Amino acid sequence: MSEAKRGILRAREICENRAQRAQELKADGRTVMGYLCIYPPLEMLTALDIVPYRVFGDMQTVITEADRGLPVAFCPFVRSCLDLGIKEEYSFLDGMVTSHACDAMEKAAHVWERLIGHPYFHFIEIPTKVTERAEAVLKGELQVFAQTLQTFVGREMSQESLKKAITVHNEQRALVRELYEQRMSDPPRISGGDTVRVLKAVMSLPVEEGNELLREVITEVQSLQPAVDAGGPRLMIWGSIVDDPSFVDMIEGAGCSVVVDDTCVGSRAYWKDVPITDDPLDGLAHHYLADIRCSRTFFEVAESDKEVAQKERASDLESRFGYIRHMVEGWKVDGAILQSVKYCDTHGFDVPDAIDYFKSLGIPSTYFEHDYTPGALAPLRTRVQGFLEMIC
Ligand code: SF4
C-alpha cells in the first residue's frame, strides 16, 4: 500500500466506500453482520469470527421508501437507515442485530425484520434504568443472543474467545481515546470532520483492521502540524447521531474547531472499557447498561446522595452529566453545540438539563434541531456563526 493511502487518507477512502471491505470479506467466506446503534455488543460477533458492520443513514439520499414502514413524523436518521435497507444498500449483510436503544429504533427494528429479509435477525431488549436487576435482565438477553448466533454460524462461543474479543475491542476503545487526545492541542491535530470519517471507517471493518487503521492515523497525526489552521473557539458537540462528516465540516467551516463530542458516532461507544469478568457476559451487561452515557438510559442519583439531590438540582445534574465535566476541562471547551435530529425525544428531553449543566460549568451553549437533510446545513451554519460571535 502506498504511503498516500495510509492514515487519514485511507480512512477517508474507506468512509467513502464503506461496504467495499465488508463485501470482499464476505466473498472470502466471512459472515458479515449489520448492526444499528452502539448497543449490540460487537464483542460477541468478534468472538464468533463474524464481521460487525454498522448501518448508517445517508443525509444526501432522499427518503422515498421508508414510508412503507415508518411514519413521516419520526426520527429521520432511522427512516434513512430503513430507506437504504429497502433499497437493498445493505443486501450484502448476512444478518442484522438491533436493540431497544430508543423507541424509534425498536419500531424500526421490527419493520426491518418484516420488510428486509436477511438470513439472520435478532433484537436485544436493553433496560432503560441502571440497577442490579436490570443488569441481570440484560445478561439474560445476551445469553439468548449468544445462543441464536451460535446456532446461526454453527460454532460455539467459548468464554475464552469472548474474553479475547473483549480485550481486542478494549484496545480499540483505548486507541480511539488516544485519537481524541490528539485534539487536546490548540489547534487540534485532526479536525472533528476527519475524526467522524475515521470512526465511520473503523465501524466498517473487523476490529483488528480497525485497530490497525487507528494506529496509522494516530502515528500520522502525531507527526503532523496541527491540521485545523483556523483554530478559533473550541467547541464540543453533544446530542443525537451525527453520521455525516459534512455536518461537522459545516460547523468547523464557520470558524471554530470541534475538539470533542458526546455523540454516538463519536466518543460515546469508546469512553470506558468493558470489564473482564469471570463470566464475560457480566462485564458486557454492566458496560452496555451502565458505562455508555446516552440519554436513552436513566441514571439515578447514587443512594448516598439522594437526600441532597432532592434538595439540590445541581447534585442531580452532576450524577447525570458529570462525565461532560472531564471533556470540557480536558479539551478546554469554549462552547457547546447541542444538536438533535427532529423527533428525537430521547435527546430532546435531556436538552434543557444539558444546557443547565453546561451553564453550571460556565460554558455557553446553543441548541438546534435539524431534519437530517443537506438543506438543513446552510441555516445551521448561520446559527453557528451567530453563536461564535456571541462567545468570542
Ligand atoms: S437520533 Fe434519537 S430517535 Fe433517532 S435513533 Fe438516535 S436516539 Fe433514537
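What counts as what
Residues numbered from 1 in each chain as written. Predicted model: local features only at pLDDT ≥ 70, side-chain atom pairs only at ≥ 80, totals over all residues. Axes fitted to C-alpha atoms, helices over the stretch in contact; angles between N-to-C directions. Helix = DSSP H or I, 4+ residues; strand = E, 2+ residues; numbered from the N terminus. Left-handed = near helix turned anticlockwise from the far one by under 90°. Contact = placed C-beta atoms within 7 Å. Nonpolar A, V, L, I, M, F, W, Y, C, P; charged D, E, K, R; others polar. Domains from an automatic or database assignment. Pairing = 2+ DSSP bridges. Core = buried A, V, L, I, M, F, W, Y, C linked by C-beta atoms within 7 Å. Buried ≥ 20, exposed ≤ 12 C-beta atoms within 10 Å, placed from the backbone. Near = placed C-beta within 6 Å. Parallel < 35°, antiparallel > 145°, perpendicular 65-115°, else oblique.

Visitor: Help me understand the packing of helix α1 (residues 7-16) against helix α8 (residues 192-202), please; the structure alone is not making it clear to me.
Guide: Following both chains from N to C, one finds α1 and α8 inclined at 65 degrees, their axes separated by 8 Å at the closest point. Our pair here, α1 against α8, has a crossing hand that is left-handed. Each of Ile-8, Ala-11, Arg-12, Ile-14 and Cys-15 in α1 lies in contact with α8, whose residues at this interface are Asp-194, Arg-197, Val-198, Lys-200 and Ala-201. Here the contact of α1 with α8 is built from residues that sort into 6 nonpolar, no polar and 4 charged.

Visitor: Any chance you could explain the domain arrangement of the chain here in plain terms?
Guide: Interface size is commonly expressed as the accessible surface area that is lost when the partners come together. Taken domain by domain, the chain consists of domain 1 (20-156) and domain 2 (163-186 + 229-391). Between the C-alpha centres of domain 1 and domain 2 there is a distance of 23 Å. Across the boundary between the two partners, domain 1 contributes 31 residues, which contact 34 residues of domain 2. Among the elements of the structure, α3 (42-47), α4 (76-86) and α6 (132-153) are those that each provide at least two residues to the side of domain 1 that touches domain 2. No other element matches the 6 residues that α6 contributes to the side of domain 1 that touches domain 2. Split into classes, the residues belonging to the side of domain 1 that touches domain 2 amount to 21 nonpolar, 6 polar and 4 charged.

Visitor: Can you help me understand the environment of Thr-277 in this one?
Guide: Looking at the secondary structure, you find Thr-277 in the loop between β6 (257-262) and α11 (280-291). For Thr-277 and Leu-82, which are 195 residues apart along the polypeptide, the C-alpha to C-alpha distance reads 36 Å. Those residues within four positions of Thr-277 in sequence are excluded, and the remaining contacts are Asp-282 and Gly-283.

Visitor: Would you mind going over the sheet that holds strand β3 (residues 95-99) with me for this structure?
Guide: Note: strands within a sheet are paired through backbone hydrogen bonds, in either parallel or antiparallel orientation. Taking strand neighbours across the sheet as the criterion, the 4 strands line up as β2-β1-β3-β4 in an open arrangement whose pairing is parallel. Lying at the two open borders of the sheet, with one neighbouring strand each, are β2 (50-54) and β4 (120-124). For this sheet, the mean angle separating the axes of adjacent strands, direction not counted, is 25 degrees. Packing of helix α5 (residues 103-115) onto the sheet brings it into contact with β3 and β4, and relative to β3 it is tilted by some 155 degrees.

Visitor: What is the right way to read the sheet that holds strand β5 (residues 234-239) from this model?
Guide: Ordered by their spatial adjacency, 4 strands build an open sheet running β6-β5-β7-β8, and the pairing between neighbours is parallel. In the strand order of this sheet, the two ends are held by β6 and β8 (365-370), each with one partner. When the angles between neighbouring strand axes are averaged without regard to direction, this sheet yields 25 degrees. Two strands pair when backbone bridges link them, and β5 and β6 are joined in this way by 5 bridges, in the parallel orientation. The partner of Leu-235 across the bridge, within β6, is Val-258. In this fold helix α10 (residues 245-253) packs onto β5, β6 and β7 (335-341), with an angle of close to 135 degrees to the strand it touches most, β6.

Visitor: Got a minute to help me understand the nonpolar core in this structure?
Guide: Nonpolar side chains tend toward joint burial in soluble globular proteins. Counting 112 residues, the largest nonpolar core has Val-78 and Leu-235 as its most contacted members. If one sorts the elements of this core by residue count, helix α7 (residues 159-181) sits on top with 7 residues. Structurally, this core is a two-domain feature, drawing no fewer than three residues from each of domain 1 (20-156) and domain 2 (163-186 + 229-391). Every residue in contact with Leu-235, bar those within four places of it in the chain, is listed here: Ile-251, Cys-256, Ser-257, Val-258, Val-259, Val-333, Asp-334, Gly-335, Ala-336 and Ile-337.

Visitor: Would you take a moment to explain the site of the ligand for this structure?
Guide: For the ligand, the set of nearby residues contains 13 residues, the closest of which are Cys-75, Cys-102, Ala-104, Ser-240 and Cys-344. If you list the elements that add at least two residues to the shell around the ligand, you get α4, α5 and α14 (345-348). Classifying every residue of the shell around the ligand gives 9 nonpolar, 3 polar and 1 charged. Three or more residues apiece are contributed to the shell around the ligand by two domains, here domain 1 (20-156) and domain 2 (163-186 + 229-391).

Visitor: What should I look at first to understand unusual backbone geometry in this one?
Guide: Backbone phi values are negative for most residues with the exception of glycine, while trans is the configuration of most peptide bonds. Geometrically, the link from Asp-186 to Pro-187 is a cis peptide bond, its omega value of -5 degrees lying close to zero. Its location among the elements puts Pro-187 in the loop between α7 and α8. Even without being glycine, Asp-49 reaches a positive phi, approximately 60 degrees. With respect to the secondary-structure elements, Asp-49 resides in the loop between α3 and β2. If you check the backbone angles, Tyr-372 has positive phi at about 60 degrees while not being a glycine. Structurally, Tyr-372 is set in the loop between β8 and α16 (377-391). Note on Tyr-372: 25 C-beta atoms within 10 Å, which makes it buried.

Visitor: For this particular structure, what's the right way to read the packing of α8 against helix α9 (residues 207-223)?
Guide: For any two helices packed against each other, one specifies the crossing angle of their axes together with the interaxial distance. With their axes 9 Å apart at the nearest point, α8 and α9 run at an angle of 155 degrees to one another. On the basis of the axis angle, α8 is roughly antiparallel to α9. Crossing of α8 against α9: the hand is right-handed. Here Val-198, Ala-201 and Val-202 of α8 come into contact with α9, specifically with Gly-210, Leu-213, Leu-214 and Val-217. Of the residues that constitute the contact of α8 with α9, the class distribution is 6 nonpolar, 1 polar and no charged.

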